[in-house]
Amino acid sequence: MKLSLFLEYARGERPVNLTLKGGTVVDVYTSSLKKADVSIAGDQIIMVGPSLSAEREVDCTGKYLCPGFIDAHVHIESSLMTPFAFGNAVVPLGTTSVVADPHEIANVAGVKGIHFMIQSGRKSPLSVFYKAPSCVPATPFGTAGANLSADDLTPLLEYEEVIGLAEMMNFPGLVFGDPGALNKMEAFSGQHIDGHSPGQSGPLLQAYAGAGITTDHECMTQDEMNERLSLGMHVLIREGSAAKNLMALLPSITPENARYCSFCTDDRHPAEIMAEGHINYMVKEAVKFGIDPVEAIRLATINSAECFHLKDRGALAPGKRADVLILPDLCDFKPQSVYVGGELVAKNGQMQSNFEDNSLAFELPDTFHVKDRQPSLNVPYNGGLLNVIETIPDQLLTKWEKVEPAVLDGHLTADTEKDILKIAVVERHLGSGNVGIGFIKGFGLKTGAIAGSVGHDAHNLTVVGCDDQSMQTAIEHVCKMKGGLVAAQGNRVLAECALPVGGLMSEKPMSKIQEEMEKLLDQARKMGSHLKDPFMTLSFMSLEVIPELKLTDQGLVDTQKMKFVDLTS
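Residues numbered from 1 in each chain as written. Predicted model: local features only at pLDDT ≥ 70, side-chain atom pairs only at ≥ 80, totals over all residues. Heavy atoms only, no water.

*Asks:* How do you make sense of the overall build of the chain when you look at a structure like this?
*Replies:* Helix and strand content of the chain: 16 helices and 32 strands. Its C-alpha atoms give the chain a radius of gyration of 24 Å, within 12% of the compact-globule value 25 Å for 569 residues. Seen through its C-alpha atoms, the chain measures out along the principal axes to roughly 85 × 50 × 45 Å. For the chain, with 569 residues in total, the buried portion stands at 61%. (Helix = DSSP H or I, 4+ residues; strand = E, 2+ residues; numbered from the N terminus. Rg over C-alpha atoms; globule rule 2.2 N^0.38 Å. Buried < 20%, exposed > 50% of the residue type's maximum accessible area, 1.4 Å probe, protein only.)

Laid out in structure tokens, this is it:
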């Protein structure tokens, strides 16, 4: 809006389009509540206070008006939805802006994948801001579908949606001066750069922060959170599907440090979004814990806006973007109405407007090039203890356990009595034929196998199971679908969820994806798994930047020393 036109509205010389009248405004600047009307013209707030003459008024008596919520760090691909479908899912819950890291699709399809995400996001009422993925591939220890240098990334800044460099997962590379990491940091100097430093502390963490890292979303303990805050880092408190840190970190929030904290989801599956919510769930849980409601809203709005220099949003004030939530109360945080840019787009949890998504017209390359759809999974036993990955419930971290192996006909085999299953990662990008094989504890399967093409960060095909035939059936069917999730037993496919967009996403609405996911999870439970979402857990077992032991298509990785280790030793 031109300044002259804004001022005409503000002076009352022409009627505004809309006034939200009689409500209580959440003032995130003064941490207070005040009775005020919100007058809107176009996509901007003109006045918060006395009413202006308006073409239309909405009675908000007894209701609360607050800014739209902002997710400070999210991988949209982990929702299994395209950005367009994701927006339709979370906007009715009050999330009107997100800061996304598209490194999942970038690891599969490179810069073309990022272009796809931007185009899809533009069709959604959700404001999607992106960070250029800093670590594609995450490390040399897994085979990705792309390798993005600083020269590949800097042209992305031409997009108005791209606002910085995404999480610098190569912590050792940065602090020890890896040329590739330094080139990216220098190319994005002056931009916002996200961090990723799980378990790090002391002088090396100070070097990491001092290099220009401004946020971190990997805090698991209060000590980790406080150390990062003391170094000037903005802490993004995470509550995802695989990693849940909200309740562990809320006790560290104080009136003095709250301004340097924000809420984020990182990776959140449709099940949690539908059952619990999105950022509104985090606000609700924070209030239940004892955080002042206005402070909890600040953690979901102005704090993120100021952290990422999104100056046009995060508050209800003159000149700000008219992303407004009408809330019945400050307890449940389920919006009665959601306005985006001054337009009513959702009401009582349902989208009200029709938006057209033509992003799938932007073609992605074929991402499935598996050399052998039924690879041999036999592993001869040559003596020694078995190096086993042990999962930790609700965390991305794993433990490293050494056990006596189960051996059948001279080959290593799963031991369901001890909950030790075979796991394999099949390279799917280059047709190299790489198959990494290991063993894992914590899935609980007693029969069959589950598999998926969602496998952070390289997103190769990962499968875990009790027998080779079930695992091979699952592998073959994921390939047949060109990506997705599968539960199999013997030569039968029991349930599936196709993810044909890069092997990561579906264009289907969240309700349909969740219907298919419920069938998958039901089958996994019948097969013996006790995990809330074994597919989500499986997707992180190849993430070689998270301690302690992980498996890629190239083999077992000691993620603390960043070196390969033998299956037995």
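There's plenty left to go through after this.
*Asks:* Can you walk me through the sheet that holds strand 13 (residues 215–216) in this structure?
*Replies:* Each strand in a sheet pairs with another by means of backbone hydrogen bonds, the pair being arranged parallel or else antiparallel. Ordered by their spatial adjacency, 8 strands build an open sheet running 8-9-10-11-12-13-14-15, and the pairing between neighbours is parallel. Two strands bound the open sheet, and with one partner strand each, they are strand 8 (69–74) and strand 15 (261–264). Sheet analysis places strand 12 (residues 192–195) next to strand 13, joined by 2 bridges and oriented parallel. Looking across to strand 13, one finds that D194 is bridged to T215. (Pairing = 2+ DSSP bridges.)

*Asks:* What's the story with the sheet that holds strand 25 (residues 435–441) in this structure? I'm lost.
*Replies:* Taken in spatial order, the 8 strands line up as 21-20-25-24-27-26-28-29 in an open sheet, and their pairing is mixed. Across the chains shown, the open sheet's two edge strands, defined by having one partner strand only, are strand 21 (398–403) and strand 29 (492–498). Strand-to-strand twist of the sheet, defined as the mean angle between neighbouring strand axes without regard to direction, takes the value 25°. Where strand 26 (residues 449–452) meets strand 28 (residues 484–489), 4 bridges bridge the pair, whose relative direction is antiparallel. By the bridge assignment, A451 is partnered in strand 28 with V486. (Axes fitted to C-alpha atoms, helices over the stretch in contact; angles between N-to-C directions.)

*Asks:* Please clarify how the side chain of K184 should be interpreted in this entry.
*Replies:* Assignment of secondary structure puts K184 in helix 6 (residues 179–187). One buried charged side chain, K184, makes no salt bridge at all; its nearest oppositely charged neighbour is D178, positioned 7.2 Å away. From its side chain, K184 meets the backbone oxygen of L148 in a polar contact 3.1 Å long. Among residues more than four places away in sequence, those in contact with K184 are S134, C135, V136, L148, S149, A150, L153 and L165. (Lys, Arg positive; Asp, Glu negative; His and termini not counted. Salt bridge = Lys/Arg side-chain N within 4 Å of Asp/Glu carboxyl O. Polar contact = N/O pair within 3.5 Å; in protein donor to acceptor, adjacent residues only side chain to side chain. Contact = heavy atoms within 4.5 Å.)

*Asks:* Help me out: how do you make sense of the pairing of strand 16 (residues 324–327) in this one?
*Replies:* Each regular strand shows side chains that alternate between the opposite faces of the sheet. Side chains of strand 16 alternate between two faces, with V324 and I326 and L325 and L327 buried alike. Where strand 7 (residues 64–67) lies against strand 16, 4 bridges are found, and the strand directions are antiparallel. What sits directly across from P67, in strand 16, is V324. Bridge count between strand 16 and strand 17 (residues 337–340): 3 bridges; the pairing is antiparallel. Paired with V324 across the bridge in strand 17 is Y339.

*Asks:* Got a minute to help me understand the pairing of strand 24 (residues 420–426) in this structure?
*Replies:* The buried count for strand 24 comes to 7 of 7 residues, which makes it a mostly enclosed element. Along strand 24, one buried face is formed by I420, K422, A424 and V426 and the opposite face, lined by L421, I423 and V425, is buried too. Note that strand 24 and strand 25 share 7 bridges and pair antiparallel. Residue A424 lies in a different strand from strand 25, and its bridge partner there is I437.

*Asks:* Please explain the side chain of N460 as it appears in this structure.
*Replies:* Residue placement: N460 occurs in the loop between strand 26 and strand 27 (461–465). Overall, N460 belongs to the buried group, its relative accessible area being 3%. In terms of polar contacts, N460 uses its side chain to reach the backbone carbonyl oxygen of T143, at 2.8 Å. Residues within four places of N460 in sequence aside, it is in contact with T143, V425, V426, E427, R428, H429, G452, S453, G455 and D553.

*Asks:* Whenever I open this one, the domain arrangement of the chain confuses me. Can you help?
*Replies:* The figure often quoted for interface size is the accessible area lost as the parts come together. Domain annotation for the chain reports domain 1 (1–67 + 314–352), domain 2 (69–312) and domain 3 (379–565). For domain 1 and domain 2, the distance between their C-alpha centres works out to 28 Å. Each partner contributes residues to the interface: domain 1 has 27 residues there, and domain 2 has 25 residues. Interface of domain 1 and domain 2: buried area, both sides summed, is about 2,100 Å²; carbon and sulfur atoms make up 67% of it. Three residues, G314, F333 and M351, lead the burial of domain 1 against domain 2; their summed loss comes to 27% of the area buried on that side. Here domain 1 and domain 2 share 0 salt bridges between them. The tally of links from domain 1 across to domain 2 stands at 6 residue pairs in polar contact (both at pLDDT 80 or more). Where the side of domain 1 that touches domain 2 is concerned, the elements lending two or more residues are strand 2 (24–27), strand 3 (32–35), strand 7, strand 17, strand 18 (343–347) and strand 19 (350–351). (Domains from an automatic or database assignment. Buried area = accessible area lost by both parts, 1.4 Å probe.)

*Asks:* Got a minute to help me understand the packing of aromatic side chains in this structure?
*Replies:* Each aromatic ring pair is specified by the distance between its two centres and by the angle formed by the two planes. One pass over the full model with this rule turns up 2 aromatic pairs. Over the ring of Y9 we find R14, and its NZ or CZ is 5.7 Å from the ring centre. (Phe/Tyr/Trp six-rings, centres within 6.5 Å; stacked < 30°, edge-to-face > 60°. Lys NZ or Arg CZ within 6 Å of the ring centre and 35° of its normal.)

*Asks:* Sorry, what's going on with the pattern of salt bridges here?
*Replies:* Where charged atoms from two side chains of opposite charge come close, those side chains can pair. In this structure the tally under the stated criterion is 24 salt bridges. Note that E272 is salt-bridged to K532, the shortest N-O span being 3.7 Å. One end of the pair, E272, is in helix 10 (residues 270–275); the other, K532, is in the loop between helix 15 (510–526) and helix 16 (534–539), with 260 residues separating them in the sequence. For E272, a relative accessible area of 3% gives the class buried. Across the pair K526 and D522 runs a salt bridge, and its minimum N-O distance is 3.2 Å. With K526 and D522 both in helix 15 and 4 residues apart, the pair spans about one turn of that helix. A relative accessible area of 60% means that K526 is categorised as exposed. By sharing partners, the salt bridges in this structure join R268, E272, E276 and K532 into a single network.

*Asks:* Before we go on, may I ask you to explain helix 14 (residues 468–480) in this structure?
*Replies:* Residues three or four positions apart in an α-helix share a direction because the helix packs 3.6 residues into each turn. When the terminal C-alpha atoms of helix 14 are compared, their 18 Å separation across 13 residues agrees well with the 18 Å that a helix rising 1.5 Å per residue should span. Considered for burial, the residues of helix 14 that qualify are S470, M471, Q472, T473, A474, I475, H477, V478 and C479. Packed against the buried residues of helix 14 are strand 24, strand 26, strand 27, strand 28 and strand 29. Between a side-chain oxygen at the N-terminus of helix 14 and the backbone nitrogen of Q469 the separation is 3.2 Å; the capping residue is D467. (Expected span 1.5 Å × (residues − 1).)

*Asks:* I'm lost on unusual backbone geometry in this one. Help?
*Replies:* One can expect most non-glycine residues to show negative phi and most peptide bonds to be in trans. Across the junction of V136 and P137, the peptide omega takes the value 0°, indicating a cis bond. Relative to the elements of secondary structure, P137 occurs in the loop between strand 10 (127–132) and helix 4 (150–153). Residue E548 is reached from P547 by a cis peptide bond, and omega for that bond is 20°. Even without being glycine, D419 reaches a positive phi, approximately 60°.

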